[in-house]
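Notes for the structure review
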Amino acid sequence: MLRLAISGLRSRWASFVGGFIALALGVGLLATMGLGLASTFEAPERAPQRFAASPVVVIGQDTFTAGGRTHELAHPHPVDAGLLRDLRALGEVRTGGRPGAPVDARGVDAVGVDADPGAVRRVVGDRGRVLTGDERRQADPEPERDAEALVMVNALLGTAGGVTAFVSVFVVASTSAFAVALRRREFGLLRLAGATPGQVRRALLAEAAIVGIAASAAGCALGAWGAPVLARVLVDGGIAPAWFAIGDAGWPFHTAFWTGLLVAVTGAWAAARRAGRTGPVEALREADVDQGVLPVSRRLLGAALLLTGLGLLGWTLLTDPSDLLKRKTYTTQPMILITAVALLAPLLVRPVARALPLPGVTGMLVRASTTAALRRTAAVAAPVLVTVAMAGSLIGSAETVTASEAAEARGQTAADLVVTGDALTPAPVPGATLSPTASTAVFVRDGDVAVVRYETRAVADPAAFAELARLPVVAGDVRDLNDGSIIVNEDWERRTVGERVDVRLGDGRRASLRIAAVLALGTGGNGPYVTAANAPAAAVDRIDVRLAPDADPAAVTAALREATGGTVTPADARAAPATSPQTRLGLLVVLGIALLYTVISLASTLLMATSVRGRELRSLRLAGATRAQVLRVVAVETLVAVGIGAVLGAAVTAVNLSGLAAALAALSAPVTLALPWTVLAAALAACALVAVPSALLMCRRAR
């Protein structure tokens, strides 16, 4: 079998080039993503900076324990004057890293102490936390900044790796199936010569294993080269921090190599089973009309995946519509529908081709050839389907969610101006009504054990807030908000107006607050609201401003800048959808992977398909067609196949975006669909520019 497989590879090397390149690229990308992912698991160990000269550091109480877990407070307690006095009795104390630094009445967040750690712990007790050794870096500004900086990198590389695995399996399986379909006469001759079905299957699997080993080895070498390049791209694009670099982990190479080999063998397995069923009579078959292109097993699998994808979409809408707004969901869920439609593509080719406007004799020939050669048409349409569906679903979903969030934020305030900044100083401004709010958090027990943290807004002036706010209230009244109440949303377990809820405030204090109003969940930004009395340590970071009818906007804007020290922008400007550059770059990286695979699949499929069309093209010449007419028919036929893939991909996109729109409506959020027309047009143009020259190139050779 090995000798037969090697002979098949030599004689049909052109049929394996596309699969080899696709598999090598897939393994290379998996190795690259794996090396990058392994480098995100641990942030670099930084030495303490702020209190490097102090052997012991005392920080205020910044955590609490509930439900068996430790939770970080939104507003840690400072090291107060009393504790500072006790610590100075032990040794020299540094505040802010400098000995003898002044301390205000509120205390400081951390101090360094030159004293014995045991003695410091006895003095501190439960009034703070004592840090020694490398733990002292927790007192540095933003101690978790390095780990947090890798979160986006981790998410991007994980998503890209998943898309790479999905598309590579898709392309390799599709290419293998089509290559086997083109070799049915060859298998018929082998059967006629006495080969058993098992021998035919083993020969194909041996071919796949040889290609898989060679491609996986080449892919690992490609990954070793590409990982540092990827790191530079991520750093230059602002996705990864400047210090990010690729480590020396070995498991990504093992994972990528064996995954590539498994993909090659698995992709060829279904095709090998079909090849084993080829009968000796296929050696005499000359018909150009495809028959039996969609066996019962493929119909059942495609229908099952289609029902699964639609069922998951419907179930999520009924149980947790907010889950459809998450990037993880709208990135992975379309893959089920894409696979289902690709499996059923031969069944969908004829109705879609008949619906396309193809006038004239050329159109008639193209439609007849497209519907007769279902395998070829479906094989060309499938990779286009992947690209269009991924582009429409990923970028369309991201921009739709962003646009809806912006529209929701704008609709929730009657303000004309918005002032933003880290620590604003609210001050009365003539001709304007100000509603200052601050960022805080509340912790609520969910069930018997779990404690959930809710990002919350602290309202400084409840009367002005009620006047300017346009919140999606489903029960109660925002005007009832006071120091003893809270506004919650529908995500809370207890959400009956007038009911009391036990919460832990952002500074760790316990409080029992009455529910004043309940808000629709929306896109996730309709968080709880409390008054500033329940978050005294929260700094004002937003001020909504409404102008009086006779006020001068320019004068009020200048006065606000001078009084608050913040950035003043028109409220309307905050409604413009703006996907972050890092998010968009990450999505484009994922789509670039899909488009690259599409290009490879299109080129290899058309090179294989057109190379065996010599008899068909000679028949057209004998019927009176000129060379230019034959080339035009092939070009139009290729464009029609690309168009069919685009139509099927658009259908998958429509289903996914319709589900997203239904989820937004169920959450009482604005439905603002945003389709990435530019990206879709660029992807389709790339597909056409690769497909048509590939078909015409082999057409000239076949003639």
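Just so we're clear, the structure is a prediction, and the values are computed from it rather than from any experiment.

About the thresholds
- Residues numbered from 1 in each chain as written.
- Predicted model: local features only at pLDDT ≥ 70, side-chain atom pairs only at ≥ 80, totals over all residues.
- Heavy atoms only, no water.
- Helix = DSSP H or I, 4+ residues; strand = E, 2+ residues; numbered from the N terminus.
- Buried < 20%, exposed > 50% of the residue type's maximum accessible area, 1.4 Å probe, protein only.
- Contact = heavy atoms within 4.5 Å.
- Expected span 1.5 Å × (residues − 1).
- Arc of directions from axis to C-beta.
- Phe/Tyr/Trp six-rings, centres within 6.5 Å; stacked < 30°, edge-to-face > 60°.
- Core = buried A, V, L, I, M, F, W, Y, C linked by side-chain atoms within 4.5 Å.
- Axes fitted to C-alpha atoms, helices over the stretch in contact; angles between N-to-C directions.
- Parallel < 35°, antiparallel > 145°, perpendicular 65-115°, else oblique.
- Nonpolar A, V, L, I, M, F, W, Y, C, P; charged D, E, K, R; others polar.
- Patch = residues over 30% accessible without salt bridge, like charges linked within 9 Å, V, L, I, M, F, W, Y side chains within 5 Å.
- Areas by Shrake-Rupley, 256 points an atom, 1.4 Å probe, with all protein chains shown as cover.
- Salt bridge = Lys/Arg side-chain N within 4 Å of Asp/Glu carboxyl O.
- Lys, Arg positive; Asp, Glu negative; His and termini not counted.
- Charge placed at Lys NZ, Arg CZ, Asp CG, Glu CD.
- Left-handed = near helix turned anticlockwise from the far one by under 90°.
- Pairing = 2+ DSSP bridges.
- pLDDT = per-residue confidence, 0-100.

Further remarks concern the overall build of the chain. Helix and strand counts for the chain stand at 20 helices and 17 strands. Evaluated residue by residue, the chain yields a buried proportion of 49% over its 703 residues. Put simply, of all contacts in the chain between residues at least 6 apart along the chain, 81% involve residues at least 24 apart.

Secondary-structure assignment places G643 in helix α19 (residues 627–666). A relative accessible area of 22% means that G643 is categorised as partly exposed. Along the primary structure G643 and C687 are separated by 44 residues, whereas in three dimensions their C-alpha atoms are 9.9 Å apart.

The terminal C-alpha atoms of helix α16 (residues 553–564) lie 16 Å apart, and with 12 residues this matches the ideal 16 Å at 1.5 Å per residue to within 8%. Of all the residues in α16, the buried ones are V556, T557, L560 and T564. All buried residues of α16 lie within an arc of 100° about the axis, which places them on one face of the element. Turned more than 90 degrees off the buried face of α16, the exposed positions are A554 and E562.

Moving on, we get to unusual backbone geometry. Positive phi, close to 60°, is recorded for S668, a residue that is not glycine. On the secondary structure map, S668 appears in the loop between α19 and α20 (677–702).

Turning next to the packing of aromatic side chains. The tally for this structure, following the rule as stated, stands at 3 aromatic pairs. Taking 4.8 Å as the distance between ring centres and 25° as the angle between the ring planes, the aromatic pair formed by Y454 and W492 counts as stacked. With Y454 in strand β10 (residues 450–459) and W492 in the loop between β12 (485–489) and β13 (500–505), the pair connects residues that are 38 residues apart, well separated along the chain. As far as burial versus exposure is concerned, Y454 and W492 are alike and both buried.

This part is about the side chain of T377. Positionally, T377 belongs in helix α14 (residues 374–411). In contact with T377, not counting residues within four places along its chain, are V349, T370, A641 and I644.

Bringing the nonpolar core into the picture now. Counting 84 residues, the largest nonpolar core has V167, L234, I338, L385, M390, Y597 and I644 as the members making the most contacts within it. Broken down by element, the residue count for this core peaks at 16 residues, all from α14. For I338, the contacting residues outside a window of four places in its chain are F166, F170, L385, V386, A389, M390 and V652. Counting 18 residues, the second-largest nonpolar core is a separate cluster that includes V488, L505, L513 and V518.

What follows covers the environment of V451. Looking at where V451 falls in the secondary structure, it is placed in strand β10. Of the residues examined, V451 reaches a relative accessible area of 17% and is grouped as buried. Sequence-wise, V451 and T70 are 381 residues apart; in three dimensions their C-alpha atoms are separated by 9.8 Å.

Between helix α12 (residues 345–355) and α19, the least distance of the axes is 10 Å, while the angle of their chain directions is 105°. Classified by the angle their axes make, α12 and α19 are roughly perpendicular. From α12, A345, L348, V349, V352 and A353 reach across to α19, where they touch I644, V647 and L648. Among the residues forming the contact of α12 with α19, the class breakdown is 8 nonpolar, no polar and no charged.

Glancing now at a negative patch on the surface. On the surface, a cluster of negative charge is contributed by D320, D446, D491 and E493. Mapped onto the elements of the fold, D446 is located in strand β9 (residues 432–446). Accessibility expressed as a relative area gives 39% for D446, which makes it partly exposed.

Two elements in contact, helix α13 (residues 360–372) and α19, have axes whose closest approach is 9 Å; the angle formed by their N-to-C orientations is 55°. With respect to α19, the axis of α13 lies oblique. For α13 against α19, the interelement crossing comes out right-handed. Where α13 abuts α19, its residues T362, L365, V366, S369 and T370 lie against R632, V633, V636, E637, V640 and I644. Counted by class, the contact of α13 with α19 contains 6 nonpolar, 3 polar and 2 charged residues.

The next point concerns the pairing of β13. Of the pairings in the sheet, the one linking β9 to β13 comprises 3 bridges and is antiparallel in character. Bridge assignment links F443 to a residue of β13, and that residue is R504. Bridge analysis of β13 against strand β14 (residues 510–519) gives 5 bridges, and the strand direction is antiparallel. Residue D502 lies in a different strand from β14, and its bridge partner there is S512.

A word on the confidence of the model for the chain. The predicted model of the chain averages 79 in pLDDT, with 81% of residues at 70 or higher. Within the chain, strand β5 (residues 98–99) has the poorest average pLDDT of any element, 44, and strand β15 (residues 529–531) the best, 94. A low-confidence stretch, residues 97–105 stays under pLDDT 50, and its non-local contacts, those more than four residues away or across chains, total 12 contacts.

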